[in-house]
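Coordinate inspection notes
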Amino acid sequence: MAGAMTAIPQAEVKKRANIEVLRTLEQEKEVVFDTQNLNLWYGEKHALRDINLDIHEEEVTAIIGPSGCGKSTYLKTLNRMVELVPSVRTTGVIQYKGKSIFDKSLRVEELRTQVGMVFQKPNPFPKSIYENIAYGPKIHGIRNKMILDEIVEKSLRGAYIWDEVKDRLHDNAYGLSGGQQQRLCIARCLAIEPDVILMDEPTSALDPKSTLKVEELIRELKKDYAIVIVTHNMQQASRISDRTAFFLDGEVVEYDRTDVIFNEPTDQRTEDYINGRFG
Amino acid sequence: MRTNNEPVHVQELISKKKQSKNLFLKFEKAIPIILFLIASVSVFTTIGIIYTLFSETIEFFKQVSVVEFFTGTVLKPLSQDPKFGVLPLIMGTLTSTVIAMLVAAPIGLMTAIYLSEFASERIRKTFKPLLEILAGIPTIVYGFFAFTFVTPLLKHVIPGLETTNILSPGIVMGIMIIPMIASLSEDAMSSVPNAMREGALALGATKLEVATRVVIPAAFSGIVASFVLAISRAIGETMIVTIASGSSKNFTFDLTQSMQTMTAYIVEVTGGDAPAGSTIYYSLYAVAMTLFVFTLLMNLFARYVARKFKEEY
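- The name an unreviewed UniProt entry assigns to chain B is Phosphate transport system permease protein, from the organism Cerasibacillus quisquiliarum.
- As its UniProt record puts it under Function (unreviewed entry), chain B is described as follows: "Part of the binding-protein-dependent transport system for phosphate; probably responsible for the translocation of the substrate across the membrane."
- UniProt lists a comment for chain B under the heading Sequence similarities (unreviewed entry), and it reads "Belongs to the binding-protein-dependent transport system permease family. CysTW subfamily."

- Per an unreviewed UniProt entry, the recorded name for chain A is Phosphate import ATP-binding protein PstB, and the organism is Cerasibacillus quisquiliarum.

Right, here's the structure in full:
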């Protein structure tokens, strides 16, 4: 055995060490959202319990779990959309780039311009395709028609829908198919150039073909954005995500790199859920 | 209750029932015809009213020229040398309606925005019924409210105000139609799906931006409809203007003066003894016809606007 060890040439050892360093570097991509001991109640219902989770830059983080496990609630906490429910109460800390999102000095609108969101059901505004994209920049004060034109094209290209809609930018967005509408909503979100995109089961209302297109898009987008995606579809999570968190009854059961979660989960409940034994 | 334990045969029971059902089936067939006749009542009534208006208006125009009627600025039906210009009445109606809308449209719309977008569920639930009570107050009450309260109040601000004037009933009519605009616009705005609000909020829009740039455009046709109903109501309003604006048939832009609306004219003439067949008597129909055409055009215009700006979702 000892002989075999010495048989490894020096160069090879160095290379392996480098790979190790590279791997740790890769794992240590910058944290955008740092959640510590987050608890959340809807009235009396304790919906999230002691959540601790890091969301990383340029990665897709998937959140899986059965219905009612709190995964959408957690997602909506990240851009504070959850506060639209009047009875909601939270404790704990979520830091966005080192700053608490619950801090009184942070305007919630400011947070939401940096943390975009795509919803379960496509929800374009009942306006033209152009106006849908221009809406975000416009409310933030961008009025110059030429700049707007540029933003619209860039966003639609970014969501890979430009070619499909470039000849009918001024038609109503509701004339598009469901999959196109969803990509339009993603483009609408890109138009204000956020840092993070939250996606709440973005493909659950779409047919398989549109789902694939949206998944391709997500893979492209992660080069520039941190993406958090809630999904019911475990294949989807394993296909597109870098990290996966498994939620159950408002708790994070397990959170790790996606290949670890899907191949060698440490918790029995994770394994059962992934293998379709419940949920 | 069943005593023996024989099994139930449902099909048998049904076929037994069916035999006694034949008469019912015939009745069932007649139902659409009966309902059609009942539904026709309102249609035929409308046709009847329009027919009467038309035929009597034609009688009127045999005695007074169309040109004189629509361009005349003098209305003196009782004088030795009677003049039948309708413009003073149109002026009165339009002035009071415009004043009313200037009061009601902004207040009503802002109330609707508050109730639909900002108010908590509890406030909305107490506020809306209160509004609807306001809508249920008889107009005669508004009339003497205008005459005995608002006019004296306005006199402190505008010393030259006449005891009967068009301004005060205009304002009170505005107050009267606020609930209509607020309530109907609120309905239209509340029915805009929440998903759209969320979409805008997630882009960093404030609540006000969501209200003005997503909800109002999406609810635009409903809001226009509420305005039109309110305008129609103001044009047709009778009691308030009759009491508080007097019966001077002035053709003027001076809001402090008494003016008569089309509706108030009809009240005045029918209240007096206009002998059937006289020119005055026929002038009622001509004025009523004008009023009818006004509201009809209003409705058509509103439909056009609502359709043109409708945001489909």
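1. A few points about the overall build of chain B
- Scanning chain B from terminus to terminus reveals 12 helices and two strands.
- In chain B, the succession of helices and strands from N to C terminus is α-α-β-β-α-α-α-α-α-α-α-α-α-α.
- For chain B, the spread of C-alpha atoms along the three principal axes comes to 95 × 60 × 40 Å.
- Going through the 313 residues of chain B one by one, you find that 41% of them count as buried.

2. Re the interface of chain B and chain A
- On the chain A side, the residues contacting the 20 residues of chain B number 27 residues.
- Summing both partners gives a buried area of about 1,800 Å² for chain B against chain A, and 63% of it is carried by carbon and sulfur.
- The largest per-residue losses of area from chain B upon contact with chain A belong to Ala202, Leu203 and Arg213 of chain B, which jointly make up 36% of the total buried on that side.
- Applying the counting criterion to the chain B and chain A interface returns three residue pairs in polar contact (both at pLDDT 80 or more).
- Along the lines of polarity and charge, the residues of the side of chain B that touches chain A split into 12 nonpolar, three polar and five charged.

3. Examining the nonpolar core
- The biggest cluster of nonpolar side chains holds 55 residues, and the ones touching the most others in it are Phe33, Tyr74 and Val196 of chain A.
- With six residues, the top contributor of residues to this core is helix 8 (residues 207-218) of chain B.
- Contact partners of Tyr74 of chain A, with chain neighbours within four places excluded, come to Thr35, Leu38, Leu48, Ile51, Leu53, Ile55, Ile63 and Phe247 of chain A.
- In terms of nonpolar packing, the next biggest core, distinct from the first, is built from 50 residues, Ile90, Ile240, Ala264 and Ala302 of chain B among them.

Conventions and cut-offs
- Residues numbered from 1 in each chain as written.
- Chains lettered and ligands numbered in written order.
- Predicted model: local features only at pLDDT ≥ 70, side-chain atom pairs only at ≥ 80, totals over all residues.
- Heavy atoms only, no water.
- UniProt positions renumbered as here; feature names shortened; annotations may be inferred.
- Helix = DSSP H or I, 4+ residues; strand = E, 2+ residues; numbered from the N terminus.
- Buried < 20%, exposed > 50% of the residue type's maximum accessible area, 1.4 Å probe, protein only.
- Contact = heavy atoms within 4.5 Å.
- Buried area = accessible area lost by both parts, 1.4 Å probe.
- Polar contact = N/O pair within 3.5 Å; in protein donor to acceptor, adjacent residues only side chain to side chain.
- Nonpolar A, V, L, I, M, F, W, Y, C, P; charged D, E, K, R; others polar.
- Core = buried A, V, L, I, M, F, W, Y, C linked by side-chain atoms within 4.5 Å.

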